[in-house]
Amino acid sequence: MNKILNKVLPLICASLLIATASFAQKATFKGAVVDSTATGENFYLFGASIEVADQDGKYITGTAADQIAGVTGDKDAGFEISLDPGSYIVTIRNLNFKDRVLNLTFKAGDTWDNNINMTQNLLEQITVTGSKSGSKASKETVSISSVGAGLIDNTAATKVDDAVGKVPGVNVVDGQANIRGGSGYSYGAGSRVLIMVDGIPFMQGDAGLPNWRDIPVENIDKIEILKGAASALYGSSALNGIINVRTAYARNKPVGKFAIWYTGFGNTARPETQWWTRDSINVRVDGVDTTIQPRTLAGPLGYRTPMEAGAQFAYRCKIGEKFDLTSGGNLFYMDSPLGGVYERKVRFNTNLRYRFSDSLNIGAAVNFNHGLSGSFFVHGTVLGGETPLFYVDTIQSEVYLPLAGANTVTKTTRFAIDPFLTAFDKIGNQHRVQGRMFYVDNDNGNNQGNQSIFFYLEYQNQSTFHKLGGLELISGAVGQYTTVDAELYGNAKYSTANAAGYFQLKKGFFQKPDSEEYRLTLTAGGRIEMNAINSPDSVAFTPPTFDANGNVLTPATYINNPEPNTIEAKPVFRVGANYELTETTFLRASWGQGYRYPTIAERYISTQIDVLGIRPNPTLESETGWSAELGIKQGFSITEKWLGFADASFFLTEYQNMMEFTFGGGNLQFNSLADLYFQSVNIGNTRIMGAELEVMGTGTIGNMATNQGVRLNLLAGYTFIDPKFQDFDSTQQALSSSDKNILKFRNRHMVKFDLEGFFLKNRLSFGVSLQYNSAMEAVDAVFEDLFFADPVLNYDFFGIGSYRSRFNRGEAVNLGARIAYRHAFKDEYEKEKLALKLSLVGNNLLNQEYAVRPGLMGRPMNFTVRLDVEF
């Protein structure tokens, strides 16, 4: 036995010594993959691929524990790899970022431990809105712009429309989005731009409009804007484009955020318009002169001085290995510079997801919003005198105050639940089922209350046919149903139903050498859509009037509804092409049809705003159209420090049977104040031509590593539109304030610019923004022309014509600036455990007085102080 041990022990010891020596000869390559432009939760990049090759280009392999090709980061996006001494070529790849290549040489026992900084490649950004599947933005066949979470936070945006307003070609007028002049102003009914959250429509079922403050701005990952007709994939409301808000999911490392802010307003450009500094306000009620205190216009528990304040939180985490939790909330308080306009709102949202396996997950998102608000439709007159107006004005000072009966108080309760299921079958096809139940209760004053419940269900399939050269097919079916019970629509009940089936094909041609990508991408798709409506046999044309005690003074008047139950079906199609001319030059062309069915609000709204009425049109017909675009996206690189792209496009959109609210329903007869009303009508065929240039880039000046440099992000663009009637007749000319052939409520020219910079390893940041709109050349003639004024008093009833001629016709230059300081508290491993950021954001720094639309003023100069906490 001893002899055996004497022989074996030396061999064992020798083996151990050799193994120890061998291990000692190893080098260690470790670190974390990070976004050089980000801080906080977005600093670490998860799922990075790290490939190590020798000098001959051959991949190095190892044990399963330290496999080289395809190593992914752990919960801190970190990695650790053991290597033999020698020279290596290390390639780090991550979606949406430029590949990073390192040439490293290791000696025995060396340790390389650093963060690997990655730079975003804007041409490689992945979007999902253009095709309902992930695709590089440079490869899309349509124009798609995006806004990241960083810009939303840095600009202290409290709701989504504040953020999308920075995108070239996008304009939000009094809550209504339009893209490249596709819409004018619809008085709160109907939209040609579909607003979605995570691919599900976020529109109120009866009116087809979103409530922007319902969207969880604190949990946004990215906002994508598709410009042009998208009805073939997304249905009726996508005639002019899509705004798709993509929310953030939980990562391996929990993320918590909290923010609190305060906004104060400066003096108005003309001191006489600043009602909140007056001792009292002169008013006339039922022909009797009296006064009120300014605080009366600030809303319940309001302050005399206009202000905003709010707080929000977000928390995202994984519970165990299979359960994801995302939650958020928002408290908002606002007393507007517009008298009688205020908000008191609270919102809570959560998103739960459970992963049974890598091929199956289910979940649900819940959103609850409750609040009280005041608003008004049109401001007080600027001429004054012995008139039936609520506010008496003799020095053109009442533009921040409401016309009599134009203000509305609303108590709102909204609740949405969005269940979803995603599954992959054995051959890799994706199946997704998603739905929504959206309950809305708007308890309005002025006989304008409405309740609605919106149901949505969609099945979607994504398949790739490899035997057909990688042909991709997206197909699906959608069903929608809405029930409405509303005073606003003649105190009646309505229901609408929608069913649709759609498909899209995508195929690549001319494969690039040594790549899975193709130079030419072709897409084609279609949708068949059916709409049905159930409505009363007669509808209220004029609403009832009430005295102060709620007793009926005059009953409603009714008109016959010739088609109370209708069904309509239409097909729409789209085609597109994208060709990669060079690695940084992409040409695209697209053509897509659009279709929009009237909303309940457009057909059946019946309400009164002092002497101004909004009347129903039960014979209103659907509108159709098409949009075509030619574009080029050119990437640029100015040394390795500057990357970006310039995107130029030329577009043409035509609408047939276009729907718009029009004075008198297009009837030129004006015999009494009873004829003073608006009604949605089919105004005929229209055409919008234009061009757009968008530039987006990121880069550095100086040496960031030594804290002597600055990193810059740029988003800028210019949009020109020429919106016209295809046949400009005498009736259309008489109804417009302009003698020119131009559609109403459009700005021909729009300029957007935003530049932000980061110093001292992202601790100090600044930003400058500019938004310019040219004048609204045409509005409804009733707002300007004395022909439509009171024929007895010969009086400019609304005062808007006088205001537009003397002060502002909608042209605006909104200059903004911001500065912030961020301090991070780190542990012994230099990992952030807590960060604080203090921001100061200023808007309308030129303090310009301007009207966002006739009868509604923009906000004067204002400053926001905001504190963000990340943990």
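### Brief notes about the overall build of the protein
A tally of regular secondary structure across the protein gives seven helices and 47 strands. Considering the protein as a whole, with its 871 residues, one finds that 55% of them fall into the buried category. Taking as baseline every contact in the protein between residues at least 6 positions apart, the subset at least 24 positions apart corresponds to 68%. Taken as a whole, the protein presents about 36400 Å² of accessible surface, with 58% of it coming from carbon and sulfur.

### Quick look at the sheet that holds strand β2 (residues 49–53)
If you walk across this open sheet you meet the three strands as β2-β4-β5, and the pairing is antiparallel. Among the strands making up the open sheet, the edge pair consists of β2 and β5 (100–106). Along the sheet, successive strands turn relative to each other by an average axial angle of 25°, direction set aside. Relative to β5, strand β4 (residues 86–93) runs antiparallel, the two being bridged by seven bridges. Bridge assignment links Gly-86 to a residue of β5, and that residue is Phe-106.

### Focus: the side chain of Asp-780
Assignment of secondary structure puts Asp-780 in the loop between β42 (764–773) and α7 (800–806). Within the structure, Asp-780 has its side chain in polar contact with the side chain of Lys-744 (distance 2.6 Å).

### Side note on the pattern of salt bridges
With the rule as written, the count across this model stands at 48 salt bridges. For Glu-654, the salt bridge goes to Arg-687, with nearest N and O atoms at 2.7 Å. Separated by 33 residues along the polypeptide, Glu-654 in strand β38 (residues 642–663) and Arg-687 in strand β39 (residues 677–701) bring together distant segments of the chain. Given the relative accessible area of 11%, Glu-654 is considered buried. The partly exposed category is assigned to Arg-687, whose relative accessible area is 30%. Because the salt bridges share partners, they merge into one network encompassing Arg-180, Lys-227, Arg-588, Glu-629, Lys-633, Asp-647, Glu-692 and Glu-694.

### So, the sheet that holds strand β12 (residues 193–197)
Sheet architecture is open: five strands sit in the order β9-β14-β15-β12-β13, paired in mixed fashion. In this open sheet, the two strands that pair with only one neighbour each are β9 (143–148) and β13 (200–201). Note: β12 against strand β15 (residues 241–247), five bridges, orientation parallel. Residue pairing across strands places Ile-195 opposite Ile-243, the latter belonging to β15.

### Quick look at the environment of Arg-519
Of note, Arg-519 is situated in strand β28 (residues 518–534). Separated by 61 residues in sequence, Arg-519 and Glu-580 have C-alpha atoms that sit 4.8 Å apart. In this structure, Arg-519 is in contact with Lys-139, Phe-509, Phe-510, Lys-512, Asn-578, Tyr-579, Glu-580 and Leu-581, ignoring residues within four places of it in sequence.

### Remarks on the packing of aromatic side chains
Evaluation of the coordinates by the stated rule reveals 13 aromatic pairs. Considering the side-chain rings of Phe-29 and Trp-112, the 5.1 Å spacing of their centres and the 55° angle between planes classify their relative orientation as tilted. One end of the pair, Phe-29, is in strand β1 (residues 27–35); the other, Trp-112, is in strand β6 (residues 111–118), and 83 residues separate them in sequence. With 5.9 Å between their ring centres and 25° between their planes, Phe-725 and Phe-728 make a pair best called stacked. Taken together, Phe-29, Tyr-88, Phe-106 and Trp-112 form an aromatic cluster joined through their ring pairs. The ring of Phe-807 carries Arg-270 above its face, with NZ or CZ at 4.0 Å from the centroid. Directly above the aromatic system of Tyr-333 lies the positively charged group of Arg-344, at a separation of 4.0 Å from the ring centroid.

Thresholds applied
- Residues numbered from 1 in each chain as written.
- Predicted model: local features only at pLDDT ≥ 70, side-chain atom pairs only at ≥ 80, totals over all residues.
- Heavy atoms only, no water.
- Helix = DSSP H or I, 4+ residues; strand = E, 2+ residues; numbered from the N terminus.
- Buried < 20%, exposed > 50% of the residue type's maximum accessible area, 1.4 Å probe, protein only.
- Contact = heavy atoms within 4.5 Å.
- Areas by Shrake-Rupley, 256 points an atom, 1.4 Å probe, with all protein chains shown as cover.
- Pairing = 2+ DSSP bridges.
- Axes fitted to C-alpha atoms, helices over the stretch in contact; angles between N-to-C directions.
- Polar contact = N/O pair within 3.5 Å; in protein donor to acceptor, adjacent residues only side chain to side chain.
- Salt bridge = Lys/Arg side-chain N within 4 Å of Asp/Glu carboxyl O.
- Phe/Tyr/Trp six-rings, centres within 6.5 Å; stacked < 30°, edge-to-face > 60°.
- Lys NZ or Arg CZ within 6 Å of the ring centre and 35° of its normal.

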